[in-house]
Amino acid sequence: MISINSLTKRFGEHVAVDNLSFDVKPGEVLGFLGPNGAGKSTTMKMLTGFLTPDGGSASVCGFDVQTQILQAQQQMGYLPEGAPCYGDMRVKGFLEFIASVRGFSGAEKHKRVARAVEQVELQSVLGQRIETLSKGFKRRVGLAQAILHDPQVLILDEPTDGLDPNQKHHVRHLIQQLAEGSNKIVVISTHILEEVSAVCSRAVIIGRGRLLADGTPEELEARSRYHQAVTLSLSHSVDTQALQQLPGVLAVESLHDGQQLTVLAKPGEVIFPAVGQLAREQQWQVAELSVERGRLDDVFRGLTSGEAA
Amino acid sequence: MSNLGVIFKRELGSYFATPLAYIFIVIFLVLSALFTFDLGGFYTAGQADLNAFFSFHSWLYLFLVPALAMRLWAEERKSGTIELLMTLPVSRTDMVLGKFIAAWVFVGIALLLTFPIVITVNYLGNPDNGAIFTGYIGSWLLAGGYLAIGSCMSAATKNQVIAFILSVVVCFIFIAAGIPMVLDFFSTWAPQWLVDAIASFSFQVRFSALSHGVLELRDLLYFFSLMAGWLFATAIVIDLKKAD
């Protein structure tokens, strides 16, 4: 359980986190979204005890991050942004150091290190100096140190930033595995929205340090103007007048000289059957017909660009 | 193992993971030999003691110890690992002391490697080995004082060069407080108690007592409180500047 109450952080005149409050319950994988500079990292740094809040409070598993930070840190695994590790150490030595700090020794220490190494697939680079590793491997070393003690709360600051698509997939898969069927909390900050749809059970969007939206990825997608929109790919252009007159249709957007149409639905309306029927009646040659769930990036832009203006 | 021990072990290991440790030890040994035999006139003095050896240590350390201390915190801040370290369940005291003691033990190792000079002086004459022992203790305490100052300067900046220069300057002030030229300058106008107070802050005055075999509690207290003070300041500076 993480609870954040009116958390505030100022850097000089600039308010990085402004009166932010929300809770995270066990079992949730929280996607923490926001444009660059929205206060995501700052919030995570306060949760993990690196920064001291200027106002409000936060607690992790019941431990206040200001007064009981060491206990809170024992419950947490944290991957800081960019996954900083001691470059002059070798992977194995580094993970053993983290295991010792986490209070493991002897056989238990070796078991923990071996398991983390296996989970993030680091076997091939165990004897290498961390500074000689590729970005993907460095990130995995960072993940390994965060999950080594099987923490109740895992906080990952942009875990897939700068990785190639295969590595991204791997990291996401790992996060899903960690969260699956357990009562753990995973908090991931990101600005990659597909990631949220892929791994998170809940998404929180912040902008300028304030909470803008909070819900499941599906709920947020439903706020999109593309929610329940129907996309048609046609082999010829057609008169869109008939589409616009269908009940429940808000507007029609056309792309590629009218060869691709997106029919937007009014909020709460389902228009797919009507559009399909119209296409059949008019004998349009439809190559593809699909319903959109909504576009998260659209919601994200709508919420955060208003803030930036 | 307590976390102080874990931090200590990692830090000490990290000296030997890079050429730094070996370069430091070699330069330290070469310079101390050079100072002792050439500048110090170890042979021509014709005395069976190590005064020629110890008398240059405060100047030798002035450049070598800040070079060792500059990386203590500045490197962590530069590479971002300070965020990793400070979000691990390690208390501030364990961090500051673990790093400091590792550096201090490292200087101790370098100092112990000067043992051939002890053998030499025992071969040539009958020195007071007790005085040599307190000389070594004094020299090590002196290095600890320099390191604690260097630790605080390193915590104040990301830039190791700046950390180095600041440490040299502050350490120099602590040496200069005891050299006759400075004390003479003060004694022309300042009251005697002030001159005494300034002299009592000096590394030079404290260290020369120890290197001549006088082991006094107040000198030990001086070095330990100096270290404690600067390390305490280190912890405060880290808290203030960690996120910059």
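Predicted model, so just to flag it, every value in this text is computed and none were measured.

Side note on the interface of chain B and chain A
So, step 1. Contacts between chain B and chain A engage 19 residues on the former and 20 residues on the latter.
So, step 2. Mapped by element, the contributors of at least two residues to the side of chain B that touches chain A are α1 (3-17) and α7 (81-86) of chain B.
So, step 3. Top element by residues in the side of chain B that touches chain A is α1(B). It accounts for five residues.

Here we look at the sheet that holds strand β8 (residues 185-190) of chain A
Residue and element names in this part refer to chain A.
So, step 1. The sheet built from six strands is open, its strands ordered β6-β7-β8-β3-β9-β10 with mixed pairing. The strands lining the two open edges of the sheet, one partner per strand, are β6 (76-79) and β10 (210-215). Strand-to-strand twist in this sheet, taken as the mean axis angle between neighbours without regard to direction, amounts to 15°.
So, step 2. Examined bridge by bridge, strand β3 (residues 29-33) and strand β9 (residues 202-207) share four bridges and lie parallel to one another. Bridge assignment links Leu-30 to a residue of β9, and that residue is Arg-202.
So, step 3. Along the sheet face, helix α5 (residues 135-147) touches β6 and β7 (153-157) and points at about 170° away from the line of β6.

Looking at the UniProt feature "domain: ABC transporter" (unreviewed entry) in chain A
So, step 1. Under the feature "domain: ABC transporter" (unreviewed entry), the UniProt entry names residues 2-233 of chain A.
So, step 2. Across residues 2-233 of chain A, helical content stands at 35% and strand content at 28%; the span's end C-alpha atoms are separated by 46 Å.

Some remarks on helix α10 (residues 129-155) of chain B
So, step 1. Its 27 residues give α10(B) an end-to-end C-alpha distance of 39 Å, which sits within 8% of 39 Å, the value for a rise of 1.5 Å per residue.
So, step 2. Taken across its 27 residues, α10(B) has 21 buried, putting it largely inside the fold.

Digging into the nonpolar core
So, step 1. A:Phe94, A:Leu95, A:Ala144, A:Val186 and B:Leu147 are the most contacted members of the largest nonpolar core, which has 129 residues in total.
So, step 2. Top element by residues in this core is α10(B). It accounts for ten residues.
So, step 3. The residues contacting A:Val186, other than those within four sequence positions of it, are A:Val29, A:Leu30, A:Leu154, A:Ile175, A:Leu178 and A:Ala179.
So, step 4. With 14 residues, the next largest nonpolar core counts A:Leu261, A:Val263, A:Ile271 and A:Val275 among its residues.

Notes on the packing of helix α12 (residues 180-187) of chain B against helix α13 (residues 192-200) of chain B
Residues and elements named next belong to chain B.
So, step 1. Two elements in contact, α12 and α13, have axes whose closest approach is 9 Å; the angle formed by their N-to-C orientations is 160°. Considering their axes alone, α12 and α13 lie roughly antiparallel with respect to each other. Between α12 and α13 lies a crossing whose hand is right-handed. Along its contact with α12, which presents Leu-183, Phe-186 and Ser-187, the element α13 presents Leu-194, Val-195, Ile-198 and Ala-199.
So, step 2. By residue class, the composition of the contact of α12 with α13 is six nonpolar, one polar and no charged.

Comments concerning the domain arrangement of chain A
So, step 1. Domains assigned within chain A are domain 1 (2-222) and domain 2 (230-292).
So, step 2. Each of domain 1 of chain A and domain 2 of chain A was reduced to a C-alpha centroid, and the two centroids are 43 Å apart.

Some points on α1(B)
An α-helical turn contains 3.6 residues, so any two residues separated by three or four positions project in the same direction.
So, step 1. Relative to the 21 Å expected for 15 residues at 1.5 Å per residue, α1(B) spans 21 Å between its end C-alpha atoms, a close match to the ideal helical length.
So, step 2. Buried within α1(B) are the following residues: B:Asn3, B:Val6, B:Ile7, B:Phe8, B:Arg10, B:Ser14 and B:Tyr15.
So, step 3. Tucked into the core, α1(B) has its buried residues touching α3 (91-101) of chain A together with α2 (20-39) and α8 (92-112) of chain B.

Quick word on the confidence of the model for chain A
So, step 1. Residues of chain A with pLDDT of at least 70 account for 99%, and the chain-wide mean is 86.
So, step 2. By mean pLDDT, the top-scoring element of chain A is α3(A) (95), and the lowest-scoring one is helix α11 (residues 296-308) of chain A (72).

Observations regarding the sheet that holds strand β13 (residues 260-265) of chain A
Residue and element names in this part refer to chain A.
So, step 1. Taken in spatial order, the four strands of this open sheet run β12-β13-β11-β14, and their pairing is antiparallel. The open sheet has two edge strands with one neighbour each: β12 (249-255) and β14 (286-291). Sheet twist, expressed as the average angle between the axes of neighbouring strands with direction ignored, equals 15°.

Describing the UniProt feature "transmembrane region" (unreviewed entry) in chain B
So, step 1. UniProt marks residues 12-36, 56-74, 95-119, 131-149, 161-183 and 220-240 of chain B with the feature "transmembrane region" (unreviewed entry), using the numbering shown here.
So, step 2. The span residues 95-119 of chain B is 92% helix and 0% strand, and its two end C-alpha atoms sit 38 Å from each other.

A few points about unusual backbone geometry
All names here are of chain A.
So, step 1. With a phi angle near 55°, Asn-19 is a residue other than glycine that sits in the positive phi range.
So, step 2. Here Asn-19 shows up in strand β2 (residues 14-24).
So, step 3. Residues other than glycine seldom take positive phi values, yet Glu-121 does so here, at roughly 55°.
So, step 4. Counting through the fold element by element, Glu-121 comes out in the loop between α4 (106-120) and α5.

Rules behind the numbers
Residues numbered from 1 in each chain as written. Chains lettered and ligands numbered in written order. Predicted model: local features only at pLDDT ≥ 70, side-chain atom pairs only at ≥ 80, totals over all residues. Contact = placed C-beta atoms within 7 Å. Helix = DSSP H or I, 4+ residues; strand = E, 2+ residues; numbered from the N terminus. Pairing = 2+ DSSP bridges. Axes fitted to C-alpha atoms, helices over the stretch in contact; angles between N-to-C directions. UniProt positions renumbered as here; feature names shortened; annotations may be inferred. Expected span 1.5 Å × (residues − 1). Buried ≥ 20, exposed ≤ 12 C-beta atoms within 10 Å, placed from the backbone. Core = buried A, V, L, I, M, F, W, Y, C linked by C-beta atoms within 7 Å. Parallel < 35°, antiparallel > 145°, perpendicular 65-115°, else oblique. Left-handed = near helix turned anticlockwise from the far one by under 90°. Nonpolar A, V, L, I, M, F, W, Y, C, P; charged D, E, K, R; others polar. Domains from an automatic or database assignment. pLDDT = per-residue confidence, 0-100.

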